[in-house]
Amino acid sequence: MTKKPESQFLGPEQRRTAWERFGKDHFDVVVIGGGVVGAGIALDAATRGLKVALVEARDLASGTSSRSSKMFHGGLRYLEQLEFGLVREALKERELAMSALAPHLVKPLRFLYPLTHRAWERPYVAAGLMLYDTMGGAKSVPGQRHLSRMGALRLAPGLKRSALIGGISYYDTVVDDARHTMTVARTAAHYGAVIRTSTQVVGFLREADRVVGVQVRDSEDGRTADIRAHVVINSTGVWTDEVQALAHQRGRFHVRASKGVHIVVPRDRIVSDAAIILRTPTSVLFVIPWGTHWIIGTTDTDWNLDLAHPAATKADIDYLLDRVNDVLVTPLTHDDIDGVYAGLRPLLAGESDETSKLSREHAVARVAPGLVSIAGGKYTTYRVMAYDAVDEAAQDIPARVSPSITEKVPLLGADGYFALVNQTVQLAEEYGVHPYRIKHLLDRYGALIDEVMAMADGKPELLQPITAAPSYLQVEAVYAAAAEGALHLDDILARRMRISIEFPDRGADCAEEVAKLVAPILGWDDAEIEREVTTYRARVEAEIRSQTQPDDDSADALRIAAPEPRPEILEPVPADGVPNKEVRQANR
């Protein structure tokens, strides 16, 4: 069956149609959670021929899946922990993504590993990198290369001479995590999945001891509906325990939230032709090129406060600056920072030592008839997690369930990408923009570039840059609202585009311009435009203020004072069973 291009759109019309289907269709699978694992489950199930619905309380990738270290990697440091299976699995997924599934989104990236100890360190690291280069069948990136001190400093002149005695270069990858997650979700929609954001699960439907669906609430207007299904899959990451509590089920595992903070600084502040990986007393630090910036992270601390909006503190930022300044010729200061973001890792935390050891591995459990939960894992292994979850759910689906085929299903924009890269100059002439713009667009949309540029037909002004965020074209904001499921300024400026971390004003200066661009598509009048702009700027102010606080409690108090863009969002049921209460109305 040939799909129309609109079948992969997640625009206002598809949103209305989805709500209508919720009330009358019976689904094989309902997926809770629009992070990369939930989107991956929807894609896996849909391509097996199942009837699938996915609901997300906020936005696609609004939690952990937009706040990672931006790497689609094997996890080099897990080799030291002897987690060979996890690394092999992740490296296989990395190769699949680069070569076939998402080459427009997952890019090779050269790293420098500075050596600081003589005699033992070079052979030790080389042995680990030899495994890393071969375990996952890597064919898309070169192997390790050994460097003298001078060779390493030629690659990364911004490092102090005293900070290393030599180096080893190797390859990993970089990815725009939020765009990748959104593309997985859109690919699922292309194959028939019903995807709806701003749709929060507030209850479970039951028949005797079996879960037979969910009750959902529209986070925009408060309407409720029931969605009936053979099986529900809870893929809510750090909210796993809260959703299990909502179902009145005691889970087979629990999830601990670990906060990871990153800072973003301009590219000219660190002189290097490669990403850098640095050992710290407790873990590793990544310095990763990100367009015209570097991303530096991360931290690893327990977080027991607001799960939706983890806050970075001054102490977090100082830690990152101190660690990276140990090796830089020109130290970074707070004034160099253009962006800061904090995310939460969903780590498995069992009630015994055995389950605690699962760490970054994932776990799947059928916690009740008709209800499956999945948690843990790494961003890179989302596809493996997805097919494990659907395999577990299959026992609750009366029809025969076909095997997973997602390793053969390229994401939207992948087919034809390499040929289009070779046509960059011709495409630039066709659309009347500079070739570097075409490269930027191809690395964000791949072969969907024609679909994006079609939004500017008869409106050539949309091919102009956004005034206060000139890295992006106006048409990209329009496309985000029309096709990519963005409903609020925050969705566009923080996730469809990464303006909120790439500019010192965090997107506040372009908020009004972008709001006016998308208003006709999203049906905003002047009052709604003003509310969106005010809400977004309040979020930016709250985040900046929270990042001056000394501890998590004070930072969290400032961050959660900002209004929610989704006016009808409910606070999740805490794991202790205290009932829901409505919180943080956007007009408060």
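Model, not experiment: these values are computed from the prediction. (Residues numbered from 1 in each chain as written. Predicted model: local features only at pLDDT ≥ 70, side-chain atom pairs only at ≥ 80, totals over all residues. Heavy atoms only, no water.)

**A few points about the overall build of the protein chain**
Within the protein chain, the regular secondary structure consists of 20 helices and 19 strands. What you see for the protein chain is a C-alpha radius of gyration of 23 Å, in line with the 25 Å of a compact globule of 588 residues. Counting only C-alpha atoms and orienting by the principal axes, one finds that the protein chain spans roughly 70 × 60 × 50 Å. Looking at the protein chain as a whole, 62% of its 588 residues are labelled buried. (Helix = DSSP H or I, 4+ residues; strand = E, 2+ residues; numbered from the N terminus. Rg over C-alpha atoms; globule rule 2.2 N^0.38 Å. Buried < 20%, exposed > 50% of the residue type's maximum accessible area, 1.4 Å probe, protein only.)

**Here's the deal with the nonpolar core**
Counting 51 residues, the largest nonpolar core has Ile492, Leu493 and Ile499 as its most contacted members. With residues up to four places along the chain from it excluded, the contact list for Ile492 reads Ala477, Ala480, Ala486, Met497, Val514 and Val518. Of all hydrophobic cores here, the second largest spans 44 residues; its members include Val52, Ala189, Ile195 and Val401. (Core = buried A, V, L, I, M, F, W, Y, C linked by side-chain atoms within 4.5 Å. Contact = heavy atoms within 4.5 Å.)

**Let's talk about the domain arrangement of the protein chain**
Each assigned domain of the protein chain is listed here: domain 1 (6-64 + 179-253 + 361-408), domain 2 (69-175 + 256-357) and domain 3 (417-561). Here the C-alpha centroids of domain 2 and domain 3 sit 27 Å apart. In this complex, domain 2 contributes 27 residues to the contact, which on the side of domain 3 involves 25 residues. Across the interface of domain 2 and domain 3, roughly 2,000 Å² is buried in total on both sides, 56% from carbon and sulfur atoms. Ranking the residues of domain 2 by area buried against domain 3 places His104, Leu305 and Asp338 at the top, with a combined share of 23%. Counting across the domain 2 and domain 3 interface gives two salt bridges. (Domains from an automatic or database assignment. Buried area = accessible area lost by both parts, 1.4 Å probe. Salt bridge = Lys/Arg side-chain N within 4 Å of Asp/Glu carboxyl O.)

**Concerning the environment of Asp218**
Note on placement: Asp218 falls in strand S8 (residues 210-218). Linking Asp218 and Trp19, residues 199 residues apart in sequence, is a C-alpha distance of 9.1 Å. Polar side-chain contacts of Asp218 include one of 2.7 Å to the backbone nitrogen of Glu220. (Polar contact = N/O pair within 3.5 Å; in protein donor to acceptor, adjacent residues only side chain to side chain.)

**Concerning the pairing of strand S11 (residues 275-279)**
Of all five residues in S11, four are buried; the element is thus mostly enclosed. The pairing of strand S3 (residues 106-115) with S11 spans two bridges and is classified as parallel. Bridge pairing links Phe111 to Ala275 in S11. Pairing of S11 with strand S12 (residues 284-290) involves four bridges; the strand directions are antiparallel. In the sheet register, Ile277 faces S12, and the bridge partner there is Phe286. Counted between consecutive antiparallel strands, the loop separating S11 from S12 contains four residues. (Pairing = 2+ DSSP bridges.)

**Observations regarding the layout of surface pockets**
Approximately 850 Å³ is the volume found for the second largest pocket. In this structure, the second largest pocket is lined by 29 residues; those nearest its centre are Trp290, Gly291, Thr292, His440 and Asp443. Mapped onto the lining of the second largest pocket, the elements with two or more residues apiece are S3, strand S5 (166-175), S12, helix H13 (435-445) and strand S19 (469-473). Of the residues that constitute the lining of the second largest pocket, the class distribution is 12 nonpolar, six polar and 11 charged. (1 Å grid on protein atoms, 1.4 Å probe; cavity = no way out; pocket = protein on both sides within 12 Å on 5 of 7 lines; lining within 4 Å. Points joined across faces, edges and corners; volume = space filled by probe spheres on them. Nonpolar A, V, L, I, M, F, W, Y, C, P; charged D, E, K, R; others polar.)

**A few points about the packing of helix H2 (residues 36-47) against helix H10 (residues 382-393)**
Contact geometry for H2 and H10: axes closest at 8 Å, N-to-C directions at 55°. Between H2 and H10, the interaxial angle falls into the category oblique. For the pair H2 and H10, the crossing hand works out as right-handed. Facing H2, whose interface residues are Val36, Val37, Gly40, Ile41, Asp44 and Ala45, H10 presents Tyr382, Met385, Ala386, Tyr387, Ala389 and Val390. A breakdown of the residues in the contact of H2 with H10 according to their chemical character gives 10 nonpolar, one polar and one charged. (Axes fitted to C-alpha atoms, helices over the stretch in contact; angles between N-to-C directions. Parallel < 35°, antiparallel > 145°, perpendicular 65-115°, else oblique. Left-handed = near helix turned anticlockwise from the far one by under 90°.)

**Observations regarding a nonpolar patch on the surface**
A cluster of nonpolar residues, Leu82, Phe84 and Leu131, forms a patch on the protein surface that exposes about 270 Å² of accessible area. Residue class for Leu131 comes out partly exposed when judged on its relative accessible area of 33%. (Patch = residues over 30% accessible without salt bridge, like charges linked within 9 Å, V, L, I, M, F, W, Y side chains within 5 Å. Areas by Shrake-Rupley, 256 points an atom, 1.4 Å probe, with all protein chains shown as cover.)

**Thoughts on helix H12 (residues 424-431)**
Listed in full, the buried residues belonging to H12 are Thr424, Leu427, Ala428 and Tyr431. Looking down the long axis of H12, one finds its buried residues gathered within 105° of arc, a one-sided arrangement. In H12, the exposed positions angled more than 90 degrees off the buried face are occupied by Glu429 and Glu430. Summarising the contacts, the buried residues of H12 are in contact with helix H11 (417-421), H13 and helix H14 (449-454). (Arc of directions from axis to C-beta.)

**Concerning empty space enclosed by the protein**
Using the criterion set out here, one finds six cavities of 30 Å³ or more in the structure. Here the largest cavity is characterised by a volume of approximately 490 Å³. Lining the largest cavity are 34 residues, and of these Arg67, Arg495, Arg539, Glu543 and Arg559 lie nearest its centre. Those elements that place two or more of their residues in the lining of the largest cavity are strand S15 (339-348), helix H16 (489-496), helix H17 (499-502) and helix H19 (526-546). Across the lining of the largest cavity, the residue classes tally to 14 nonpolar, seven polar and 13 charged. Counting only domains with at least three residues in the lining of the largest cavity, you end up with domain 2 (69-175 + 256-357) and domain 3 (417-561). Empty space within the second largest cavity amounts to approximately 120 Å³. Every residue lining the second largest cavity is listed: Leu10, Gly11, Pro12, Gln14, Arg15, Ile195, Arg196, Thr197, Ala481, Gly485, Ala486 and Leu487. At the level of elements, helix H1 (12-24) and strand S6 (194-196) are the ones that each hand at least two residues to the lining of the second largest cavity. For the lining of the second largest cavity, the element with the most residues is H1, which contributes three residues. Partitioning the lining of the second largest cavity into residue classes produces six nonpolar, four polar and two charged.

**Overview of the pairing of strand S10 (residues 255-266)**
Judged by how many residues are buried, S10 sits mostly within the fold: 11 of 12 residues are covered. Relative to S15, S10 runs antiparallel, the two being bridged by 10 bridges. Residue pairing for S15: Val255 is matched across the bridge by Leu348. Here S10 pairs with strand S14 (residues 301-302) via two bridges, running antiparallel. Looking at the pairing, Lys259 lines up with Thr301 of S14. Where S10 lies against strand S13 (residues 293-297), five bridges are found, and the strand directions are antiparallel. Looking across to S13, one finds that Val264 is bridged to Ile295.

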